[in-house]
Amino acid sequence: MAIHTKSFISEVGHQFNLEGYIGSSEVHGNGNVNDTFLLFCEDGDSLNRYTLQRINHDVFKNPEGLMENFSRVTRHLQAKIEKDGSDKKCLNLVPAKDGRFFHKDSNGNYWRVTKFVDGGRSFDVPEDIHQAYEAAKAFGDFQAKLADLPGDPLIETIPDFHNTRKRFEHFRSVCNQDKLERVAEVQDLVDFAVVREHLADLIKVENFPSRVVHNDTKLNNVLLHKTTGEGMCVVDLDTVMTGCVLHDFGDLVRTAACSALEDEPEVDKVFFLPKIFGAIVEGYLKATSNILESSEIEHLAVAPQVITYELGLRFLTDYLEGDVYFKVKRPGHNLDRVRAQFKLLASMEEHFEQAKQIVDLYSRPLLSG
């Protein structure tokens, strides 16, 4: 993570049209890619909070295109929310003083500011079935609201982001080169990945309807209302682009229908939760039943396996390359992630027939209708 002093953060923050002056700031969130800060702005008797983020341009090669996506998506969502008279929220960009929705500092870093969404909480794992249901419904509603986004397709903020076959080929190339001589120590993980190569071809974007999707639907990327528990706002929109809804669905299952965090070092604590999966299926279909096609519904049961496999590949590849992509907080952090993902995948495989029955239960009325 880049190191930014409080004075520097304040200097960057003042490039935006904030209400009040920045009294203090603090590091916020636990994202793996961007740097995020919470700004506290004092305006008379009022305290206004904002979220300031540095966009990691090593990961997102076209920050200005990304921010164009961000602006289009949030404006469309806000219009839908206002038309519905809903109490739901969406991220609200604060323009910079030069009129753009981002600021580029003297070091070439790109920054953005959004209004802090009050009244919501995020969770790394659900506390109960209701939270899983509400998160799934919120992500499904996000997809449904963006189904009629006008204009040209959104740019790819990370090309081939969910191209599992390409992820596998890169993994295989890194293994063959083995520049850091790390393959031998993790041969069991490499073998696990190679045996499941078939998963790389089960969900290809070109075989399904092209839709605007989130692409990073971890449970903690949706805010649930502190009082009612209802899904109120989807956040972290950097990877919103054209893609396949199955990747969104699968990634939510990966993080929410799992007994532990994605980097749990004790793999015996990691397993698939069928009851939570059922709540996710129910909530997701509640919001998306009017837009999904049968081919998408028929792949809901296997989608979590594909995305869990893909992320496990990415963690393993990153470890073999020297931990250059994901932030690591301890030695072997990426390996903890790999082992947790592969353990979860094995558990998903054991419960696959049950997962198919759950999808059938909630989707049968949709398919028969």
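Residues numbered from 1 in each chain as written. Predicted model: local features only at pLDDT ≥ 70, side-chain atom pairs only at ≥ 80, totals over all residues. Heavy atoms only, no water.

Caption draft 1: Structural view of the sheet that holds strand S4 (residues 103-104). One open sheet accounts for five strands, arranged S1-S2-S3-S5-S4; its pairing is antiparallel. If you trace the sheet from one side to the other, it starts and ends with strand S1 (21-27) and S4, each paired once. As paired strands, S1 and strand S2 (residues 35-43) are joined by six bridges and run antiparallel to one another. Directly across from Val 27, in S2, lies its bridge partner Phe 37. (Pairing = 2+ DSSP bridges. Helix = DSSP H or I, 4+ residues; strand = E, 2+ residues; numbered from the N terminus.)

Caption draft 2: Just the packing of aromatic side chains, in detail. Tallied over the entire structure, the rule returns ten aromatic pairs. When the centroid spacing of 6.1 Å and the interplanar angle of 70° are considered together, the rings of Phe 249 and Phe 277 count as edge-to-face. Of the two residues, Phe 249 sits in helix H6 (residues 245-256) while Phe 277 sits in helix H7 (residues 274-288), which places them 28 residues apart along the sequence. Judged by its relative accessible area of 0%, Phe 277 falls in the buried class. An aromatic cluster is defined as three or more aromatic residues linked by ring pairs; in this entry it consists of Phe 249, Phe 272, Phe 277 and Tyr 284. Over the ring of Tyr 319 we find Arg 182, and its NZ or CZ is 4.3 Å from the ring centre. For the cation-ring pair, Arg 196 lies above Phe 192, with the distance from its terminal atom to the ring centre recorded as 3.6 Å. (Phe/Tyr/Trp six-rings, centres within 6.5 Å; stacked < 30°, edge-to-face > 60°. Buried < 20%, exposed > 50% of the residue type's maximum accessible area, 1.4 Å probe, protein only. Lys NZ or Arg CZ within 6 Å of the ring centre and 35° of its normal.)

It is worth stressing that arrangement in space is one thing and function is another; only the former is reported here.
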